[in-house]
Amino acid sequence: MTNTTTPQIPARAAAPNGPAFADDLPEGFTQVVREVNGTLIHGVVGGSGEPLVLLHGWPQTWREWRYMLRPLADLGYTVVAPDLRGTGGSAVTEAGYDKENQARDVHELLQVLGLTGPVRMVGHDIGGMVAFSYARLYPEQVHKLALVDLAVPGYGLEEIMDPVSGGLFHFGLFMAPEAPELLFRGNEKAFLTWWFAKMAANSAAFPPEEIDTIAASLSGPDALRGGFEHYRTMLRDGRDNRAWGEAGGVLTMPVLAVGAEHSVGSYLARTLKPVVPGVEEAVIAGSGHYIPDEHPEALLALLAPFLA
């Protein structure tokens, strides 16, 4: 039985220098690397009970959830936080970055870990896109789904991607073959310093040492490409999602759409309603896009009762 009392977020420690795996693991968590779906996927696992999967966004790794791993495990879950294909400790592959295939990565990872029952799933940013695809591919295996500050391909993302109508420019840049790797190679720290200042409302969430850690995880052309490949499939992802919806697909499990006040806000819940008629909406005040870093306490307070 899960514990419905919201635990406290532990005190935040400074990020270590360089790409960190074991250095950041909370007590009771271990690293795993498994060969699944034709690639190697790295993740961290801890706790006991029903499975809870946390899927990170760009440009981060499983460490995005570092403040929430132990508190969520303390609620009575086996918490699994993988690095998406091509990021962190997971292998950079030539292809396979469409969100349906990445959902298969996660599905096979859970199987080889022996976590075969219905799962609770939380996805932020690109991790939320993978989580949405997982829920429509394996609906009977998803107990509850929480999507955190994103727009889903086919259901709202395309409007946000259009800079001509006021959308964000970076989607087109990151989708371009080779160009962003050439621009950012060697400039990862400078770019990320600018990026997080723009995208996060709580600037204290990304001190220089944290930016150093994220920049180190992106150093080298393969690491950069692994991140940008997630963007290069988004038009295909939108077509896949719309085809499912036009064929009558809907998500019937409980779905929580969490937006940040200074990012997507209520847009996520509103655009999902055609295919998630029962979607629950929440907006976290004072937060920018990176809610798990900026306001983990507020996010945990929302997730604890919803997941239970």
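Heads up: these notes are all about the structure in this document. (Residues numbered from 1 in each chain as written. Predicted model: local features only at pLDDT ≥ 70, side-chain atom pairs only at ≥ 80, totals over all residues. Heavy atoms only, no water.)

### Topic: unusual backbone geometry
Under the convention used in this document: Comment: elements are numbered from the N terminus, with helices defined as DSSP H or I runs of at least four residues and strands as E runs of at least two. Each residue is placed in one exposure class: buried if its accessible area under a 1.4 Å probe, protein chains only, is under 20% of its type's maximum, exposed if it is over 50%, and partly exposed if it falls in between.
Between Trp58 and Pro59 the backbone carries a cis peptide bond, its omega angle lying at 5 degrees. Note that Pro59 resides in the loop between β3 (50-55) and α1 (69-74). Positive phi, close to 60 degrees, is recorded for Asp125, a residue that is not glycine. With respect to the helices and strands, the residue Asp125 is situated in the loop between β5 (119-124) and α3 (126-137). Judged by relative accessible area, which is 10%, Asp125 ranks as buried. Unusually for a residue other than glycine, Glu178 sits at a positive phi of about 70 degrees. Along the polypeptide, Glu178 turns up in the loop between α5 (170-175) and α6 (179-184).

### Observations concerning the pattern of salt bridges
Spelled out, the test is: Salt bridges are counted wherever a side-chain nitrogen of Lys or Arg sits within 4 Å of a carboxyl oxygen of Asp or Glu.
Tallied over the entire structure, the rule returns 17 salt bridges. Between Glu100 and Arg136 there is a salt bridge whose closest N-O contact spans 2.6 Å. With a gap of 36 residues between them, Glu100 in helix α2 (residues 99-112) and Arg136 in helix α3 connect regions that are remote in the sequence. On the basis of relative accessibility, which here comes to 10%, the residue Arg136 falls in the buried class. Residues joined by salt bridges that share partners form a network here, namely Glu94, Glu181, Arg225, Glu229 and Arg232.

Worth remembering: the numbers are spatial, not functional.
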